[in-house]
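# Reading the structure
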Amino acid sequence: MNLPQHVRLVEVGPRDGLQNEKQPISVADKVRLVDELSAAGLGYIEVGSFVSPKWVPQMAGSAEVFAQIQRHAGVVYGALTPNMQGFEAAVAAGVKEVAVFAAASEAFSQKNINCSISESLQRFVPIMDAARQHGISVRGYVSCVLGCPYEGDVAPQQVADVAAELFAMGCYEVSLGDTIGTGTAGATRRLIEATAAKIPREKIGGHFHDTYGQALANVYASLLEGVSVFDSSVAGLGGCPYAKGATGNVATEDVLYLLNGLGIDTGIDMDRLIVAGQRICDVLGKANGSRVARARQASR
Ligand SMILES: CC(C)(COP(=O)([O-])OP(=O)([O-])OC[C@H]1O[C@@H](n2cnc3c(N)ncnc32)[C@H](O)[C@@H]1OP(=O)([O-])[O-])[C@@H](O)C(=O)NCCC(=O)NCCSC(=O)C[C@@](C)(O)CC(=O)[O-]
């Protein structure tokens, strides 16, 4: 077994986890979540999105959240920016790292960001230029890497091509999103192989939604392929507004439990993480989506 020695978790709960919630969530609750996550030892937290409030109303208060969080040295606080308007709003909010997001499926690209894949990549070029001028790092996402809610199967080569374009334009890392959570461990390994033929393996991130209960298996399959960066969402919160029925990301607590069991240290405090996850679930009036959190709570 040839597993990575170090794994980095990208906590997407405050963004991916909350973006699909229909009920209002106060800025104070979002800020508290981010602060509790940084206190638990997460080194990267995706705080919000600078997208159209008509498209994703829940992310409308992202600038206020950025203004109120306690920023800790060494913690990256990221945000999604689909276009220059979003990038400029992010810069005004003091964001130091952004993410651009493309898709491997044309239909999803249209539904999610209202343009084709190639138009989206063109939109990112000025963002990359402006980011360089501001000293802002840019992460890339590709959605629908293991299936599309509108087109069905997606060929690994299609994903690899989009990932390669994002990497070539200057994204320091490309996160591969199984948006609808249909991927399996076998398909994940084939996907990583195809993508690693185009960009360095250590620049690939895994972003697995758990709709079919396969996310943790897909994380493990990716680890076996040498992937060492995973996006996860505390308490398994989330879903995508443009992927009906898709559930949240793999729960951060569950990934941490897996990594701890493999002897891979992340510096994250499980107890504090569970408290953060449960608190936001209480705010939302939702059951906790982390199996580990539920098991720990039941055993107390
Ligand atoms: C990309 C657009 C804006 C195109 O939307 P559009 O309607 O084509 O944009 P437009 O440029 O024609 O502008 C229309 C209106 O939107 C405004 N606008 C334009 N841009 C912005 C902006 N940045 N911030 C705020 N407002 C903006 C603009 O000012 C204008 O306002 P109006 O004049 O009508 O009042 C829209 O489609 C959008 O916001 N989409 C967001 C979709 C989204 O956030 N999806 C969820 C995140 S992706 C995801 O979850 C997947 C991921 C990353 O987690 C990985 C995975 O699991 O696969």
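Note that this is a predicted model, so its numbers are computed, not measured.

Rules used throughout
One numbering rule holds for all chains: residues counted from 1, following each sequence as written. Only residues with pLDDT of at least 70 are given local features in this predicted model, and only at 80 or more are side-chain atom pairs given and counted; all residues enter the totals for whole chains, interfaces and linings. Side-chain measures here rest on the full set of heavy atoms in the structure, leaving out hydrogens and waters. Helix and strand assignments follow DSSP, with helices taken as H or I runs no shorter than four residues and strands as E runs no shorter than two, numbered in order from the N terminus. Atoms considered for the radius of gyration are the C-alpha atoms alone. The globule rule reads 2.2 Å times the number of residues to the power 0.38. Throughout this description, buried means an accessible area under 20% of the type-specific maximum (1.4 Å probe, protein chains only), exposed means over 50%, and partly exposed covers the range between. A contact between two residues is defined here by any heavy atoms of the two lying within 4.5 Å. Two aromatic rings, drawn from Phe, Tyr or Trp (for Trp, its six-membered ring), form a pair once their centres lie within 6.5 Å of each other, and the interplanar angle then sorts them: stacked below 30 degrees, edge-to-face above 60, tilted otherwise. Consider the ring centre and the ring normal. A charge sits over the ring if Lys NZ or Arg CZ is within 6 Å of that centre and within 35 degrees of that normal. What qualifies as a polar contact is a pair of N or O atoms within 3.5 Å, subject to a donor-acceptor requirement within protein and to the restriction that residues adjacent in sequence count only when both atoms come from side chains. The salt bridge definition used is simple: a Lys or Arg side-chain nitrogen within 4 Å of an Asp or Glu carboxyl oxygen. We call a residue near a molecule or strand whenever a single non-hydrogen atom of that residue lies within 4 Å of it. Each accessible area is a Shrake-Rupley estimate made with a 1.4 Å probe; only the visible protein chains count as cover when residues are assessed. Per residue, pLDDT measures the predictor's confidence, with a range of 0 to 100. Axis definition: a line fitted to C-alpha atoms, limited for helices to the stretch in contact. Angles are taken between N-to-C directions and run from 0 to 180 degrees. Roughly parallel refers to an angle under 35 degrees, roughly antiparallel to one over 145, roughly perpendicular to one between 65 and 115, and oblique to any angle outside these ranges. Think of it as three bins: nonpolar holds Ala, Val, Leu, Ile, Met, Phe, Trp, Tyr, Cys and Pro, charged holds Asp, Glu, Lys and Arg, and polar takes everything else, Gly as well. Each C-beta atom gives one direction from the helix axis, and the arc is the one those directions make.

## A look at the overall build of the chain
Scanning the chain for helices and strands turns up 12 helices and eight strands. For the chain, the C-alpha radius of gyration of 17 Å lies close to 19 Å, the compact-globule estimate for 300 residues. When the backbone C-alpha atoms are referred to their principal axes, the chain occupies close to 50 × 45 × 35 Å. The buried share of the chain, reckoned over its 300 residues, is 57%. Nonlocal contacts in the chain, meaning residues at least 24 apart in sequence, comprise 74% of its contacts between residues at least 6 apart.

## Overview of the environment of Phe 50
As for its position among the elements, Phe 50 is in the loop between β2 (44–49) and α3 (62–68). Phe 50 has contacts with Ser 62, Ala 63, Phe 66, Ala 79, Leu 80, Thr 81, Pro 82, Gly 86, Ala 89, Ala 90, Ala 93 and Val 95, leaving out every residue within four places of it along the chain.

## Let's talk about the packing of aromatic side chains
Overall, the coordinates contain two aromatic pairs when judged by the stated rule. Centre to centre, the rings of Phe 50 and Phe 66 are 6.0 Å apart; their planes meet at 35°, and the pair counts as tilted. Of this pair, Phe 50 sits in the loop between β2 and α3 while Phe 66 sits in helix α3, placing them 16 residues apart in sequence. For the pair shown, Phe 50 and Phe 66 are each scored as buried. Here the basic side chain of Arg 139 rests over the ring of Tyr 44, its NZ or CZ set 5.8 Å away from the ring centre. In this structure, Arg 139 packs its charged tip against the face of Tyr 141, placed 5.5 Å from the ring centre.

## Looking at the side chain of Ser 222
Mapped onto the elements of the fold, Ser 222 is located in helix α9 (residues 215–224). A polar contact of 2.7 Å, which involves the side chain of Ser 222, links it to the backbone oxygen of Asn 218. Those residues in contact with Ser 222, other than ones at most four positions away along the chain, are Thr 188, Ile 192, Phe 208, Val 227 and Phe 230.

## Focus on the pattern of salt bridges
Evaluation of the coordinates by the stated rule reveals 14 salt bridges. Here Arg 139 makes a salt bridge to Asp 231, at a shortest N to O gap of 2.8 Å. With a gap of 92 residues between them, Arg 139 in strand β5 (residues 137–143) and Asp 231 in strand β8 (residues 229–232) connect regions that are remote in the sequence. As far as the burial class goes, Arg 139 and Asp 231 line up, both buried. Its salt-bridge partner being Glu 225, residue Arg 201 comes within 3.1 Å of it at the nearest N-O pair. Highlighted residues: Arg 201 in the loop between α8 (185–196) and β7 (204–208) and Glu 225 in the loop between α9 and β8, separated in sequence by 24 residues. Owing to a relative accessible area of 28%, Arg 201 belongs among the partly exposed residues under this scheme. Taken together, the salt bridges that share partners define one network made up of Arg 8, Arg 139, Glu 173 and Asp 231.

## Describing the site of the ligand
Taken together, 27 residues sit near the ligand, with Ser 52, Asn 112, Asn 114, Ser 143 and Thr 179 positioned nearest. Contacts to the ligand include Asp 16, whose side-chain N or O atom sits 3.2 Å from an oxygen atom. His 209 has a polar side-chain atom sitting 3.1 Å from an oxygen atom of the ligand. Burial of the ligand by the protein amounts to 75% of the accessible area it has alone, namely 1,100 Å².

## Describing the confidence of the model for the chain
In regions of low pLDDT, the predicted coordinates are not meant to be interpreted in detail. Model confidence for the chain is summarised by a mean pLDDT of 96, while 99% of its residues fall at 70 or above. Interface scoring of the predicted complex returns ipTM 0.98; its pTM is 0.97.

## Description of the environment of Ala 251
Within the element layout of this structure, Ala 251 appears in the loop between β8 and α10 (252–261). Sequence-distant contacts of Ala 251, that is, excluding residues within four places in its chain, are made with Ser 232, Ser 233, Ala 235, Gly 236, Gly 289 and Ser 290.

## Focus: the packing of α10 against helix α12 (residues 291–298)
Viewed as axis vectors pointing N to C, α10 and α12 meet at an angle of 85°, and their least axial separation amounts to 6 Å. In terms of their interaxial angle, α10 and α12 are classed as roughly perpendicular. Where α10 abuts α12, its residues Glu 253, Asp 254 and Tyr 257 lie against Arg 291, Val 292, Ala 293 and Arg 296. Tallied by class, residues from the contact of α10 with α12 come to three nonpolar, no polar and four charged.

## Some points on helix α4 (residues 84–92)
Those residues of α4 that fall on the buried side of the exposure criterion are Gly 86, Phe 87 and Ala 90. Viewed end-on, α4 has its buried residues packed into an arc of 100°, placing them on one side of the element. Facing away from the buried surface of α4 by more than 90 degrees, the exposed residues are Gln 85 and Ala 92. Where the residues of α4 are buried, they touch β4 (97–103) and α6 (117–134). At the exit of α4 stands Gly 94, carrying a positive phi of roughly 80°.

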